[in-house]
Amino acid sequence: MTVTTADPSIMAPAEWRDFLALTKPKVMRLVVFTALCGMLAAPVAIHPVLGFTAILCTALGAGAAGALNQWYEADLDARMKRTASRPLPAGRMERQAALHFGVGLGVFSVVLMELAINWVAAAILAASILFYVLIYTVWLKRRTPQNIVIGGAAGAFPPLIGWAAATGGLAPLPIILFALVFLWTPPHFWALALFVHKDYANAEVPMLPVVAGEAATRRQIGIYTVPMALAAIAPWPLGLTGAVYGIVATATSLIFAGLAARVAFRTTGADDRMRPEKRLFAYSILYLFIVFGALVVDRWVG
Ligand code: HEM
Ligand SMILES: CC(C)=CCC/C(C)=C/CC/C(C)=C/COP(=O)(O)OP(=O)(O)O
């Protein structure tokens, strides 16, 4: 792997901001939120101090995964406009520092989860870190356009982590939440990939729009949205949640389906500003916040 960063011998020490950037804090907010909601939706109330510790471990583990991802793909990040100013490609940090930070944080988060919470939550946390780093980043990302479909499972584990932290086990509801995030990831990512595909093409990453083209990507967004919406709504008819969740999940999923249909059934010209794609991407994030938030509200009012 060729990495273009500044000469480490003339590099100023990385600041805390650079270490924070390694953890991908913006993306990880939603990851941590889904873990928190998985925990609060569980039928067993966890002691607040333990609950806080479990969420902290999840955040640290997710941050570690982000750092190891950036350690491994510094060369790729250097070739994309969106990622070129990250600490490693911009030459503000030595690669070894990122590796030590990522491994240290990852081990610490899993060990603390095992000691303070339980082994089930610790094992799922370890699996999500390893899945994101080894299966997605190292193995699949540069090899197949199905990278995010399979690799996306890593981001679907956090609701299971939250639930397992509270209960010590798993149940049908967190497994449906896993399916929801798993099926949500392709429309979330491919909406963005449609309007940044040049970046991925330049970096030679085989994302779907680069390999299969725009039309196929639009079709796949439409296809994944249907089971995603069904997974979001399913807990209500299955009697796993109440009507508050059911109504919110149905309404927000219908909006998602409407925005996805607009993207799926559209063709674009060279000077297209990709507004529907940008709208779907932005809404995908809001959607998951609302659906998971509704789960907790439903539990409280129910
Ligand atoms: C393999 C799966 C995924 C891929 C490839 C992916 C990719 C991306 C990319 C490229 C961005 C653009 C923002 C950036 O510059 O970092 C982004 C944004 C975002 N993603 Fe994902 N994502 C995935 C899964 C997830 C998951 C599972 C979650 C949370 C449950 C998530 C939450 C977010 C959020 C909250 C943002 C907006 C960040 C901001 O405010 O700038 N993503 N995603
Ligand atoms: C608890 C735990 C370990 C959670 C992990 C959560 C997880 C896997 C989130 C995936 C979200 C993410 C940062 C995708 C970016 O893909 P990318 O790396 O291809 O994006 P980039 O081009 O911005 O680097």
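The rules behind these values
- Note that residues are indexed from 1 along each chain, following the sequence as it is written.
- Each chain takes a letter, starting from A, and each ligand takes a number, starting from 1, following the order in which they are written.
- Totals for whole chains, interfaces and linings use every residue, but because this is a predicted model, local features are given only for residues with pLDDT of at least 70 and side-chain atom pairs only at 80 or more, for both listing and counting.
- Under the DSSP-based scheme used, a helix requires at least four consecutive residues in state H or I and a strand at least two consecutive residues in state E, with every element numbered from the N terminus.
- The reference for a compact globule is 2.2 Å times residues^0.38; the radius of gyration itself is calculated from the C-alpha atoms.
- The burial criterion counts other C-beta atoms lying within 10 Å of a residue's C-beta, which is placed from the backbone; the residue is buried at 20 or more, exposed at 12 or fewer, and partly exposed between these limits.
- Every residue gets a pLDDT, meaning the predictor's confidence in that residue, from 0 to 100.
- A residue pair is marked as a contact if its C-beta atoms, positioned from the backbone, fall within 7 Å.
- Working rule for contacts: place C-beta from the backbone, and if it is within 6 Å of a molecule or strand, that residue counts as near it.
- Under the grouping applied here, Gly and all other residues not named as nonpolar or charged are polar, the nonpolar ones being Ala, Val, Leu, Ile, Met, Phe, Trp, Tyr, Cys and Pro and the charged ones Asp, Glu, Lys and Arg.
- What fixes the domain bounds is an automatic or database domain assignment.
- UniProt positions are given in the numbering used here, feature names are shortened, and annotations may be inferred rather than shown by experiment.
- Throughout this description, the term nonpolar core refers to a group of buried Ala, Val, Leu, Ile, Met, Phe, Trp, Tyr and Cys residues whose C-beta atoms join them within 7 Å.

(A) Main features of the overall build of the protein chain. If you tally the helices and strands in the protein chain, you get 15 helices and 0 strands. Relative to the 2.2 N^0.38 estimate, which gives 19 Å for 302 residues, the radius of gyration of the protein chain is 20 Å and therefore close to what a compact globule would have. On the principal axes, the C-alpha backbone points of the protein chain span a range of 60 × 55 × 25 Å. A burial count over the protein chain gives 48% of its 302 residues as buried.

(B) Structural context of the confidence of the model for the protein chain. For the protein chain, per-residue confidence averages 94 on the pLDDT scale, and residues scoring 70 or more make up 96% of the total. Within the model, pLDDT remains below 50 along residues 1-6, and this stretch shows 13 contacts once partners closer than five positions in the same chain are excluded. Confidence metrics for the complex model read pTM 0.95 and ipTM 0.96.

(C) Region of interest: the site of ligand 1. Lining the immediate surroundings of ligand 1 are 19 residues, of which K26, V27, L30, I148 and G155 lie closest. Put simply, the parts of the chain that give the shell around ligand 1 at least two residues each are helix 2 (25-40), helix 7 (147-151), helix 10 (172-195) and helix 15 (275-301). Here the shell around ligand 1 gets 6 residues from one element, more than from any other, and that element is helix 2. Residue composition of the shell around ligand 1, grouped by class: 10 nonpolar, 6 polar and 3 charged. Here the shell around ligand 1 spans two domains, since at least three of its residues come from each of domain 1 (15-169) and domain 2 (171-302).

(D) Quick look at the UniProt feature "transmembrane region" (unreviewed entry) in the protein chain. UniProt records the feature "transmembrane region" (unreviewed entry) for residues 27-46, 52-72, 93-113, 119-139, 160-184, 236-259 and 280-297 in the present numbering. Taken end to end, residues 93-113 is 90% helix and 0% strand, and its first and last C-alpha atoms sit 29 Å apart. With 71% helix and 0% strand, residues 236-259 has end C-alpha atoms that lie 23 Å from one another.

(E) Geometry of the domain arrangement of the protein chain. Here the domain parsing of the protein chain yields domain 1 (15-169) and domain 2 (171-302). Computed from C-alpha atoms alone, the centre-to-centre distance between domain 1 and domain 2 is 21 Å. Between domain 1 and domain 2, the residue contacts involve 28 residues of the former and 28 residues of the latter. Put simply, the parts of the chain that give the side of domain 1 that touches domain 2 at least two residues each are helix 2, helix 7, helix 8 (153-156) and helix 9 (158-167). Here the residues of the side of domain 1 that touches domain 2 are counted per class, giving 16 nonpolar, 6 polar and 6 charged.

(F) Molecular detail of the environment of A123. Counting through the fold element by element, A123 comes out in helix 6 (residues 119-140). Judged by the 15 C-beta atoms lying within 10 Å of it, A123 falls in the partly exposed class. On a C-alpha basis, the gap between A123 and V110 in space is 7.6 Å, while along the polypeptide they are 13 residues apart.

(G) Structural view of the nonpolar core. Counting 101 residues, the largest nonpolar core has M39, A121, L125, I161 and V291 as the members making the most contacts within it. Tallying contributions element by element places helix 10 first for this core, with 14 residues.

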